[in-house]
Amino acid sequence: MSITTWTWILVGVTFAIYIIVAIRSRAVSTGAFYAAERTIHPVLNGMATGADWMSAASFISMAGLISFMGRDGSMYLMGWTGGYVLLAMLLAPYLRKYGKFTVPEFIGDRYYSQSARIVSLVCAIFISFTYVAGQMRGVGVVFSRFLNVPINTGVVIGMCIVFFYAVLGGMKGVTYTQVAQYCILIIAYMIPAIYISIMLTNNPVPAFGFGSSISAGGAEILQDASTQGRYLLDVLDGIHKDLGFNEYTSGVRPKIDIFFIVVALMVGTAGLPHVIIRFFTVPRIRDARASAGWALFFIVLLYTAAPAVAAFARTNFIKTVHNVHYDHAPQWFKNWESTGLIAWVDKNGDGIMQYGPGKAMTGKPKYTGKTGKLGQAMVSNIITNGPNEIYIDRDIMVLANPEIARLPNWIIALVAAGGLAAALSTAAGLLLVISASISHDLMKGVLMPSMSEKGELLWARCGAAGAVVIAGLFGIFPPGFVAQVVAFAFGLAGLHPFFLPSLWEFLTKKPTSMEQ
Amino acid sequence: MIAGITFTTGYIVYFKFFNPGANKPANWWFGISPEGIGTVGMIINFVLMYVVSKITPEPPQEIQDLVERLRYPVERTTGERKISTDARRPY
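Within every chain, residues take consecutive numbers counted from 1 along the sequence as written. All chains are assigned letters beginning at A, and all ligands numbers beginning at 1, according to the order in which they are written. At least 70 in pLDDT is required for a residue's local features to be given in this predicted model, at least 80 for side-chain atom pairs to be given and counted, and no such filter applies to totals for whole chains, interfaces and linings, which use all residues. With hydrogens and water excluded, all non-hydrogen atoms of the structure serve as input to the side-chain values.

Remarks on the overall build of chain B
Step number 1: Helix and strand counts for chain B come out as three helices and two strands.
Step number 2: Starting at the N terminus, the α and β elements of chain B follow one another as α-α-α-β-β.
Step number 3: Classification of residues uses two cut-offs on accessible area relative to the type maximum, computed with a 1.4 Å probe and protein chains only: under 20% is buried, over 50% is exposed, and between them is partly exposed. In chain B, buried positions account for 36% of the 91 residues.
Step number 4: To be clear on the numbers: accessible area is Shrake-Rupley with a 1.4 Å probe, and residue cover counts the displayed protein chains and nothing else. Accessible surface for chain B amounts to roughly 5800 Å². Of this, 63% is attributable to carbon and sulfur atoms. Numbering of helices and strands runs from the N terminus, with a helix taken as a DSSP run of H or I at least four residues long and a strand as a DSSP run of E at least two residues long.

Structural notes on the overall build of chain A
Step number 1: Tallying secondary structure elements over chain A gives 22 helices and six strands in all.
Step number 2: As defined in this context, the radius of gyration uses C-alpha atoms, and a globule is described by 2.2 Å times the residue total to the power 0.38. Against the 2.2 N^0.38 benchmark of 24 Å for 516 residues, chain A shows a C-alpha radius of gyration of 24 Å, consistent with a compact globule.
Step number 3: Along the three orthogonal principal directions, the C-alpha set of chain A runs to about 75 × 45 × 40 Å.
Step number 4: When burial is assessed residue by residue, chain A has 63% of its 516 residues classed as buried.
Step number 5: Here, two residues are considered to be in contact whenever any of their heavy atoms come within 4.5 Å of each other. Here the contacts in chain A between residues at least 6 apart in sequence split such that 77% fall between residues at least 24 apart.
Step number 6: Surface exposure of chain A reaches about 18400 Å², of which carbon and sulfur atoms provide 65%.
Step number 7: Where the 36 positive side-chain charges of chain A centre and where its 26 negative ones centre are 8 Å apart. When charges are counted, neither His nor the chain ends are considered; positive counts come from Lys and Arg and negative counts from Asp and Glu. Taken as the charge centre is NZ of Lys, CZ of Arg, CG of Asp or CD of Glu, depending on the residue.

Structural notes on the nonpolar core
Step number 1: Residues grouped as a nonpolar core are buried Ala, Val, Leu, Ile, Met, Phe, Trp, Tyr and Cys residues, joined through side-chain atoms within 4.5 Å. By size, the foremost hydrophobic cluster in this structure holds 175 residues, and its most contacted members are Trp53(A), Tyr189(A) and Phe333(A).
Step number 2: Ranked by residue count, the leading element in this core is helix α8 (residues 151-201) of chain A, at 22 residues.
Step number 3: Summarising the domain contributions, this core has at least three residues from each of domain 1 (9-318 + 411-507) and domain 2 (325-399) of chain A.
Step number 4: One finds Phe260(A), Phe15(B), Trp28(B) and Ile37(B) within the second-largest nonpolar core, a separate group that totals eight residues. Delimitation of the domains relies on an automatic or database domain assignment.

Here's the deal with the packing of helix α1 (residues 3-24) of chain A against α8(A)
Residue and element names in this part refer to chain A.
Step number 1: To obtain an axis, a line is fitted to C-alpha atoms, over the contacting stretch when the element is a helix, and the angle between two such axes runs from 0 to 180 degrees between their N-to-C directions. In the contact formed by α1 and α8, the axes pass within 8 Å of each other and the chain directions differ by 100 degrees. Compared by their axis directions, α1 and α8 come out roughly perpendicular. Facing Thr14, Phe15, Ile17, Tyr18, Ile19, Val21, Ala22 and Ile23 of α1, the residues of α8 in contact are Ile157, Ile161, Phe164, Tyr165, Leu168, Gly173, Tyr176, Thr177, Ala180, Gln181 and Ile184.
Step number 2: Here the residues of the contact of α1 with α8 sort into 15 nonpolar, four polar and no charged. Here the angle decides the label: under 35 degrees means roughly parallel, over 145 means roughly antiparallel, 65 to 115 means roughly perpendicular, and every other value means oblique. Charged means Asp, Glu, Lys or Arg here, nonpolar means Ala, Val, Leu, Ile, Met, Phe, Trp, Tyr, Cys or Pro, and polar covers whatever is left, Gly included.

Let's talk about the domain arrangement of chain A
Residues and elements named next belong to chain A.
Step number 1: Entries for chain A in the domain assignment read domain 1 (9-318 + 411-507) and domain 2 (325-399).
Step number 2: With centres defined by C-alpha atoms, the gap from domain 1 to domain 2 works out at 32 Å.
Step number 3: With 20 residues of domain 1 at the interface, the matching set in domain 2 holds 15 residues.
Step number 4: For any pair of parts, buried area is found by adding up, for both, the accessible area (1.4 Å probe) each one loses once the two are put together. Roughly 1700 Å² is buried in total at the junction of domain 1 and domain 2, and carbon and sulfur atoms are behind 76% of that figure.

Focus: the side chain of Thr7(A)
Residues and elements named next belong to chain A.
Step number 1: Locating threonine 7 in the fold gives a position in helix α1.
Step number 2: Overall, threonine 7 belongs to the buried group, its relative accessible area being 0%.
Step number 3: Residues in contact with threonine 7, not counting those within four places in the same chain, are Gly12, Phe146, Leu147, Ala413 and Ala416.

As for α8(A)
Residue and element names in this part refer to chain A.
Step number 1: A helix is expected to span 1.5 Å multiplied by its residue count minus one. Here α8 contains 51 residues, and its C-alpha end-to-end distance of 38 Å is more than 12% below the 75 Å for a straight helix at 1.5 Å per residue.
Step number 2: The angle between axes fitted to the seven residues ending at a residue and the seven residues starting there is what we call the bend at that residue. The principal kink in α8, of about 130 degrees, is found at glycine 169.
Step number 3: Remark: asparagine 202 follows α8 within two positions and exhibits a positive phi of approximately 65 degrees.

A closer look at the packing of aromatic side chains
Step number 1: In this scheme Phe, Tyr and Trp rings, the latter by its six-membered ring, pair at centre separations within 6.5 Å, and the angle between planes marks the pair as stacked below 30 degrees, edge-to-face above 60, and tilted otherwise. Evaluation of the coordinates by the stated rule reveals 28 aromatic pairs over all chains.
Step number 2: Ring geometry for Tyr76(A) versus Trp80(A): centroids 5.2 Å apart, planes at 45 degrees, classification tilted. Note that Tyr76(A) and Trp80(A) are positioned in helix α5 (residues 74-98) at a spacing of four residues, about one turn of the helix. Grouping residues by exposure puts Tyr76(A) and Trp80(A) together as buried.
Step number 3: Between Phe7(B) and Tyr11(B) the ring centres are 6.3 Å apart and the planes differ by 35 degrees, which places this aromatic pair in the tilted class. Taken together, the positions of Phe7(B) and Tyr11(B), both in helix α1 (residues 2-18) and four residues apart, correspond to about one turn of that helix.
Step number 4: Tyr11(B) gets classed as buried once you look at its relative accessible area, which sits at 10%.
Step number 5: Ring-over charges, as used throughout, are those where CZ of Arg or NZ of Lys falls within 6 Å of the ring centre and within 35 degrees of the ring normal. Residue placement shows Arg110(A) over the ring face of Tyr111(A); its charged tip is 4.9 Å from the ring centre.
Step number 6: It is Arg314(A) that lies over the ring of Phe68(A); its NZ or CZ is 5.0 Å from the centre.

As for unusual backbone geometry
Step number 1: Its identity is not glycine, yet Glu37(A) carries a phi of approximately 60 degrees, on the positive side.
Step number 2: Although it is not a glycine, Asn202(A) sits at a positive phi angle of roughly 65 degrees.

Structural notes on the state of the cysteines
Step number 1: The disulfide criterion is simple: two cysteine sulfur atoms within 2.5 Å. Within the structure shown, the criterion is met by zero disulfides over all chains.
Step number 2: Left without a disulfide partner, Cys160(A) is nearest to the cysteine sulfur of Cys462(A), which lies 17 Å away.

Comments concerning the environment of Ser338(A)
Step number 1: Mapped onto the elements of the fold, Ser338(A) is located in the loop between α16 (331-337) and β2 (342-344).
Step number 2: The sequence separation of Ser338(A) and Arg461(A) amounts to 123 residues, and the corresponding C-alpha distance is 41 Å.

This is how it looks when you write it as structure tokens:
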């Protein structure tokens, strides 16, 4: 069966699972819609939090980032996981003790100010909408890459699925769906990682294979017998030096900059509203801290594999592509040429693909539809003067990884299902924040305090529905500055007014007042 | 919050949009990139918050009681600690 057929089957099965879970988890009260009736087991909440947090960026882009940045990429690993330590120690149990439904509600009570509540809900909505724009676009991109469906059609399909389980089930439906999505995404990520780790180093644990030496089979795959018995990272450092890059393990950013970025990412992660609200769903206060710990464990399963995937893919890519005649290029290279994620320009006319520092061309490849004399896809971009002839997108390090490792088609298709699970799970969590902010904080909390529970539940469902539609529109018409805005959303989350005074109170035992 | 976000936004806007050619480690403040400057903004927030809290009145007693109640996950009674088991009690 072809990759496309397998992808349709696996995506169809996973979507059916989400719909069945949503039907069985219908929310019939505001307690169920906002906080899943506080019945979620800490382990399940940890899985749901892991899926809620790990979006398409973690699943698809992070390993690619690390493969290009080397040691400096570790700041993302440390920052994004360190945020959960802050959550577990400083936020989760205290929020659960507070016991209401939303962060803006806490802000309003703590600062005895409706204005503060409104500022907080505006922050929450802004953060969530900017973040969800990227996720919906990611859903469309995965559909277009793996299923040959136009991006906008993929966005609409994703919208329909999220609409179903977010509007019907609220937090209850979203939580159990996220548990299913976590299982799918971790299996989809780990199977290729484990397989490649065994292929290159004979070690089934990717994190350990990362620090292991190349096996005989690995040397054969890398087409270089001299790599056998040498540590993978030593091989990669040597390759980098030979090609004119900085050593993979050395990094270029100043250490003080790495430290400050890590702290910013930690605080930003801890302040994300769709992560914070997950801790309202557990039965007991101690369960909040426990579920933060479980979330960290489930996230670490992927985050310790990511640098391994990055190093495996980078080594494999350079060894099998650099200085190779295009006629002997691996099949995965030619398969992905048409997707815009990889391209080759024969600058010196020798037919040999050369990889090196610098850009091969300006911007992303713009294909002319014609092929060169060797059959390569031609581009209309301005070609740069440097020695590098290959354009490679970072996302390919995960998306093409199973093909690079020559895994079966069903595993390649599983990566698509995993990417969709990651994007949809995060999108659902963000949409719930928007829905709760509108119905509970704005309508019930400020504009219509005497609204009945039935009325509030109706507003919650309408808010979720409206948020899905607007998020879908962002996915179809993305702002040109999505990446920068997402980074700004993280920064705004880190300065979220809630986080600082909580930390302040923890340190000084004296409540602060609002005048600042 | 306004102080921190203004500082952070200004730093980012300067290096990313206003003068991107200067966006190099040699020109960064103490070697901190625009991606990491949010931490400094947070520290500015902390300092200002401390100063403001010293020169403004304390919050009402009920708010102080709320913070005190949140700080300890166990309920305190005279002479002994009692664990709060009924977490389904709303507030």
